[in-house]
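Listed below, chain by chain, are the residues.
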Amino acid sequence: MIIVVSIALIFALAFLSASLYANIQYRKTAATATVRYEKSRNRVLQLFENSPDAILIVEKDGRITAANLNAGELLNTDLDLLLKKHISDLVPDDRREALRKKMGEWFLGRQARWETAVQSNEQHLIDVEFMPCLQQVDEKYHLEIHVRDIRVRKDAENKIHAARQMAEDALDMANRARQDAEISSREKSEFLAAMSRDLRIPLHNIVGAGQLLNDGQPIADQREYLQIIQGSSQHLLKVFNHVLDIAKIESGQMETLSENFNVRELCFLLEDRFRPDAAHKGLYLECTCKDNVPKYLTGDPVMIEHVLENLLGNAFSFTESGSVRLTVECRSIGRAGASIYFEVADTGVGISADKQQRIFEKFIYSGEFAKSQPDEAGLGLAISKRQVELMGGILGVNSQSGQGSTFYFNLLMPVAEQGRKAEPHEIADPFRLYRKGLRILLAEDNRLNRKVAEDLLTKAGCRVDTVENGRDAALQVRKADYDAVLMDCEMPVMDGFEGTLKIRKMPAPYCDLPVIALTANAMKDDIEKCTAAGMTAYLSKPISRRRLIEVLNLHVLQA
């Protein structure tokens, strides 16, 4: 019995010891868990308080149950007061309905961000972003809303938007300015074309009639008056062409050609052209092309001729005694081409050093002599400078007052194997047709223009038939064996462009007939229209006898 009691007591003591040990272990585990919980809680609280965002804990009914210090600072309000507010109290009246809808979405788990504004304690609006996070505690849901201050970002966005708007406005202004410039350029071109047409037609009649009268053996007084008429009309035409050239350059309508040409023939032509001026003023004229210049070059012979003609004309204008010399020489030849040097020197009045830079400006007179020559326009040098630059050169001057002037420029041009297909047989007599009895069809609606052109052609040795529009010209070419057609561009019933197109659609030999445009317009677009219509060449009114014969010699012989 004693043994049984002792065993029971031993088991009781063992159980008690195990229970005490288990209790001690439980307390240790509980203490450890409590420490961990406190640490975790403290970390959460630290994250809550130290978050850069304002944080609000909001119940489903909208009550604010917790907030961190940043929330109070953002709204500039005490936390105790903040915890007594409803979430809708923080936003302006006009945004409360939107907030109510957002709250409904957020509690359904649609946790999309929302940009809005909140009111501070001073009723200032602050741009913020709500970033909701749905939390569950003790089977109860609430929202943890991070409220981020986005004023800096909004300010940057506003500045970017303003800058973008300014850029778009500037682009719109630039586009409007470009459109206005295009309209202005188009209107300017149309005005110049109209002015060209309206002035060239009467000039054509004056110049042509003067040439025809001069051929009629006038008496001395009449010859003197005719010389005044012809000189004045030529000067007026020169000034008018200068104005058009300036307009072409400024509007970008002047382009360079690229064709093979003979520089020596150009020198001979210029010498022949200015020989009467030299004889009239008693000046010595010399046009020299050195032996080292290649026979054929590739460039713009028309523009080079124009520049040299301007420089020679200027030299004769301001030289009363001595000489005018044109010199062309080759400075070097390389893979890129030949470096050709052009020089026009005179023994005239010269130009003082302080005025040499200004002579290339528009409307500036060249030389002291210009003071006594108020009718000399100062456009030629400005145009020549721009034309030389278009060809890749620079126009310069060396001069001293009272000791003459030397104008020069250098052009790099490829060396060509041969010249153009057809060249004039002789340069000595530019007023002679090299084939007499040419049969020409003249299409011109203006009676005076038709009379002048017909008489010029007749006195040059041509047989002339006339019609008054492009339709009649297209019908007439089949009725006779014509050598060329001179076609006015602007005519009633059918203009010269359409008339030329009809001729080009005919069977041979009619379709190959040279058609030379007679145009009172000289702008780039008009020349392109002539080319597009299939015209062989063009003559700008007023038509000089020399130019008329040059074109007929070239293109009729080539045909």
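On a predicted model such as this, the values are computed, not experimentally measured, just so you know.

Novice: Help me get a handle on the side chain of His555, residues and values and all.
Specialist: On the secondary structure map, His555 appears in helix α14 (residues 545–558). Ignoring anything within four residues of it in the chain, the contact list for His555 reads Pro514, Thr536 and Ala537.

Novice: I'd like a rundown of the pattern of salt bridges, residues and numbers included.
Specialist: For side chains bearing opposite charge, pairing can occur when the charged atoms are close. Inspection of every chain in the model, using the stated rule, returns 26 salt bridges. A salt bridge links Glu129 to Arg113, with the shortest nitrogen-to-oxygen separation between them at 3.6 Å. Residue Glu129 is located in strand β4 (residues 125–137), and its partner Arg113 is located in the loop between α4 (96–107) and β3 (114–119); the two are separated by 16 residues in the primary sequence.

Novice: So what's going on with the sheet that holds β4? Which residues, and what values?
Specialist: With antiparallel pairing, the 5 strands of this open sheet are ordered in space as β2-β1-β5-β4-β3. Only two strands of the sheet have a single neighbouring strand rather than two, namely β2 (64–67) and β3. Adjacent strand axes in the sheet meet at a mean angle of 35° when their direction is disregarded. Bridge analysis of strand β1 (residues 54–58) against strand β5 (residues 140–149) gives 5 bridges, and the strand direction is antiparallel. Within the sheet, the bridge partner assigned to Ile55 lies in β5 and is His146. Strand contacts of α4: β1, β3, β4 and β5, with the helix running at about 125° to β5, the strand carrying the most contacts.

Novice: Summarise the confidence of the model for the protein; cite the residues concerned and give the values.
Specialist: On average, residues of the protein score 82 in pLDDT, and 83% of them are at 70 or above. Segment residues 421–428: pLDDT under 50, and 16 contacts once partners within four positions in sequence are set aside and those in other chains are kept.

Novice: An account of the pairing of β5 is needed here, citing residue identities and associated values.
Specialist: Remember that side chains alternate between the two faces of the sheet whenever the strand is regular. Relative to β5, β4 is paired through 10 bridges, and the arrangement is antiparallel. When the sheet's bridge partners are listed, Gln136 is paired in β5 with Tyr141. Linking β4 back to β5 in an antiparallel pair, the connection comprises 2 residues, with Asp138 at a positive phi of about 55°.

Novice: A description of helix α7 (residues 263–281) should follow, citing residues and the corresponding values.
Specialist: With 19 residues, α7 should cover 27 Å at 1.5 Å per step; its first-to-last C-alpha distance of 27 Å lies within 8% of that length. Approximately 40° is the largest bend angle found in α7, and it occurs at Phe274, with the proline Pro276 only one to four residues beyond. Residues Val263, Leu266, Cys267, Leu269, Leu270, Asp272, Arg273, Phe274 and Ala278 constitute the buried set of α7. With a side-chain oxygen lying 2.9 Å from the backbone nitrogen of Arg264, the N-terminal cap of α7 falls on Asn262. Two residues or fewer after α7 comes Gly282, characterised by a positive phi angle close to 70°.

Novice: Account for the sheet that holds strand β11 (residues 396–399), with residues named and values stated.
Specialist: With mixed pairing, 5 strands are arranged side by side in an open sheet as β7-β9-β10-β12-β11. In this open sheet, the two edge strands, each paired with only one partner strand, are β7 (284–289) and β11. On average, each strand axis in the sheet is inclined to that of its neighbour by 15°, with strand direction left out of account. Here 4 bridges tie β11 to strand β12 (residues 405–413), and the two strands are oriented antiparallel to one another. By the bridge assignment, Ser399 is partnered in β12 with Ser405. Sitting on the sheet, α7 touches β7, β9 (323–334) and β10 (337–346), and the angle it makes with β7 is about 175°.

Parameters at a glance
- Residues numbered from 1 in each chain as written.
- Predicted model: local features only at pLDDT ≥ 70, side-chain atom pairs only at ≥ 80, totals over all residues.
- Heavy atoms only, no water.
- Helix = DSSP H or I, 4+ residues; strand = E, 2+ residues; numbered from the N terminus.
- Contact = heavy atoms within 4.5 Å.
- Salt bridge = Lys/Arg side-chain N within 4 Å of Asp/Glu carboxyl O.
- Pairing = 2+ DSSP bridges.
- Axes fitted to C-alpha atoms, helices over the stretch in contact; angles between N-to-C directions.
- pLDDT = per-residue confidence, 0-100.
- Expected span 1.5 Å × (residues − 1).
- Bend = angle between axes of the 7 residues up to and from the residue.
- Buried < 20%, exposed > 50% of the residue type's maximum accessible area, 1.4 Å probe, protein only.
- Polar contact = N/O pair within 3.5 Å; in protein donor to acceptor, adjacent residues only side chain to side chain.

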